[in-house]
Amino acid sequence: MTKLELSYRALVEGMEFAIPLHVNLSLPVKFAENILAPGSGEVVVDVCTNELDRYHLFDIAGGNGAIVLTESVVGPVDVKRILVPSVRYSLWTFVRNWRASFPGVVIVVVGSNGKTTTTQMLAAALSRVGSVVHTKDNLNNVYGIPISIAETTSSTCASKCYAVLEVGSDSPGEISALVSHLRPHRVIHTAAGHDHLQGLGGVTGSTHENFSAVRFLESHGVCICNAADIKYLPVGALSADCALETFTVDPIIEAHYANDVRPGDSLVMGMEAETTHATLPAAMGTFPQCFAAVLACLSSLDIDPSGIDVRAGLASFKPIPGRLEAIELRSGIRLLNDTYNANLESCIFAIDALAISGGKKVMILGEVADLGVLSAKVYSQILDYACHRRLDAILLCGIDDQFVEASATVVCVSNHAEAFSLCLGMIPVSGGMSILIKGSRSAKMERLVKLFESKFRA
């Protein structure tokens, strides 16, 4: 695989507007947000999401002699800028031009839970088979996908190449807009769930948005879907020349995980009865499901999951920080850091992981975002399940108390410091306590993790 041209030309080719004479179309593209430092003459794409970051970017670009591609006319007048009608459209142009020159297999991952883990695990599995372009972290929107493509495209020649790209959405139409430019050969739908309920209007709306990706499969493409979610696949969404493949999680594996495996332990799974087992970190409740999706995708690509290269790639997979990340601290304290994000299903998985941990069991739950009118119902389901799993205490941090009812087990606190202070008083004299810290990214629950680490780091 040769180095793909990731230049300014890829952002504007085919667009009808005047290109400033001082711009060299072969200049390299940098996607800058916040405080990246572009060099003189380099083109920087303004993907800032607020005016403060944009002013900061303009200030740095002006001082370094860089050129900013932007749709904003405000800011310092001495900054060289290329005004485009829409940065979003420029990014779509970039993706479309990249896709036209990409010679390999494009795999898109959608779903309510497990997208990031499935994407990273599949990218790891394929990394020893060929070169892989993949989503960085969970940069899965119109801004993040171009950044991932630009920063993970390899210059290494390889006979096979793959692109594994996570695509997310919080409002109708976003996935269609992105995937129409990616034109994938495979679409993996990981799971249906209660995500972005306010923006997408419930499980049906969420799954309809996610399954819209299959309409853009290339000829003879394959949709890979959790068998339990086939009922959500719209009639006629899959073209006649495309195939549907399903995956399930062996109930024995599920039972083994739920009852015997602690987060951070290793889990040995049989891919098939006659194939070699793979040992991977059991870092999250959705792990068996993600692994099953990866195996189904490998099978659809005629790649033997028991082969040496794939096994080596899978062994290199690293659990994602903040996804049921087990942190051992002094005084027998074990943190389960699940602050990466939250919805109903991921809360259930996290509670299961806490329930099988040792010592006193405490959950600190921050806001679960984008629930809208379903807030009271979803919080009630989470708390009912936590009580069913016999947790010793549940601290609700920054959650509007109109949605929940306090009890001897459930306590509402207003901020991280109050939650930390209250939790300190619950630590048994003899030590030994497992603490689950969970919430949507907007709740910034990782700050609470840092408070515990600063006091109890071994």
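What comes next concerns the included structure. What you see is a predicted model, and the numbers here were worked out from it, not measured in a lab. (Residues numbered from 1 in each chain as written. Predicted model: local features only at pLDDT ≥ 70, side-chain atom pairs only at ≥ 80, totals over all residues. Heavy atoms only, no water.)

## Concerning the pairing of strand β14 (residues 333-338)
Where burial is concerned, most of β14 is hidden: six out of the six residues are buried. Alternating positions in β14 separate into two faces, Ile333, Leu335 and Asn337 on one and Arg334, Leu336 and Asp338 on the other, with burial throughout. Sheet analysis places strand β13 (residues 325-328) next to β14, joined by four bridges and oriented antiparallel. Residue pairing in the sheet places Glu325 in a bridge with Asn337 of β14. Linkage of β13 to β14, two consecutive antiparallel strands, is achieved through a turn of four residues, within which Ser331 is found at a positive phi near 65°. Pairing between β14 and strand β18 (residues 433-438): six bridges, direction parallel. Residue pairing for β18: Asp338 is matched across the bridge by Lys438. (Buried < 20%, exposed > 50% of the residue type's maximum accessible area, 1.4 Å probe, protein only. Helix = DSSP H or I, 4+ residues; strand = E, 2+ residues; numbered from the N terminus. Pairing = 2+ DSSP bridges.)

## Section: the sheet that holds strand β7 (residues 161-166)
Across the sheet, which stays open at both edges, the six strands sit in the order β6-β7-β5-β8-β9-β10 with parallel pairing between neighbours. A strand with exactly one partner marks an edge of an open sheet, and here the two such strands are β6 (131-134) and β10 (243-247). Averaged over all pairs of adjacent strands, the angle between their axes in this sheet comes to 20°, without regard to strand direction. Bridge analysis of β6 against β7 gives four bridges, and the strand direction is parallel. Paired with Val133 across the two strands is Ala163, which belongs to β7. Of the strands in this sheet, β5 (105-110), β6, β7 and β8 (186-189) are in contact with helix α4 (residues 115-126), which crosses β7 at around 170°. Contacting β6 and β7, helix α5 (residues 144-152) runs over the sheet at an angle of about 155° to β6. (Axes fitted to C-alpha atoms, helices over the stretch in contact; angles between N-to-C directions. Contact = heavy atoms within 4.5 Å.)

## Re the nonpolar core
With 41 residues, the main nonpolar core has Trp98, Ile149, Val167, Leu182 and Val214 as its most contacted residues. Elements represented by at least two residues in this core include exactly β2 (43-46), β3 (67-70), α3 (87-101), β5, α5, β7, α6 (174-182) and β9 (222-226). Among the elements that take part in this core, α3 stands out by supplying six residues, more than any other. Met121, Ala125, Phe247 and Ala296 belong to the second largest nonpolar core, which has 29 residues in total. (Core = buried A, V, L, I, M, F, W, Y, C linked by side-chain atoms within 4.5 Å.)

## Considerations on the environment of Ser206
On the secondary structure map, Ser206 appears in helix α8 (residues 203-211). Residue Ser206 is classed as buried on the basis of its relative accessible area, which comes to 0%. Sequence separation of Ser206 and Ser112 is 94 residues, and the distance between their C-alpha atoms is 7.5 Å.

## As for the sheet that holds strand β17 (residues 410-413)
By definition, the strands of a sheet pair up through backbone hydrogen bonds, in either a parallel or an antiparallel sense. Ordered by their spatial adjacency, six strands build an open sheet running β13-β14-β18-β15-β16-β17, and the pairing between neighbours is mixed. If you trace the sheet from one side to the other, it starts and ends with β13 and β17, each paired once. Averaged over all pairs of adjacent strands, the angle between strand axes in this sheet comes to 20°, irrespective of strand direction. With four bridges connecting them, strand β16 (residues 393-397) and β17 associate as parallel partners. Note on β17: the bridge partner recorded for Ile394 is Val410. Across the sheet, helix α12 (residues 344-355) is in contact with β14, β15 (360-365) and β18; its angle to β18 comes to roughly 170°.

## Some details on the packing of α12 against helix α13 (residues 375-388)
Where α12 meets α13, the closest approach of the two axes is 10 Å, and the angle between their N-to-C directions is 15°. Here α13 runs roughly parallel to α12, going by the angle between their axes. At the point where α12 passes α13, the crossing takes the right-handed sense. Between α12, through Leu344, Cys347, Ile348, Ile351 and Asp352, and α13, the contact on the second element is made entirely by Val378, Gln381, Ile382, Tyr385 and Ala386. (Parallel < 35°, antiparallel > 145°, perpendicular 65-115°, else oblique. Left-handed = near helix turned anticlockwise from the far one by under 90°.)

## Digging into α13
Over its 14 residues, α13 runs 20 Å from end to end, which matches the ideal 20 Å to within 8%, given 1.5 Å per residue. Within the sequence span of α13, burial applies to Ser375, Val378, Tyr379, Ile382, Leu383 and Ala386. For α13, the angular spread of the buried residues around the axis is 130°, confining them to a single face. Pointing more than 90 degrees away from the buried face of α13 are the exposed residues Lys377, Asp384 and His388. (Expected span 1.5 Å × (residues − 1). Arc of directions from axis to C-beta.)

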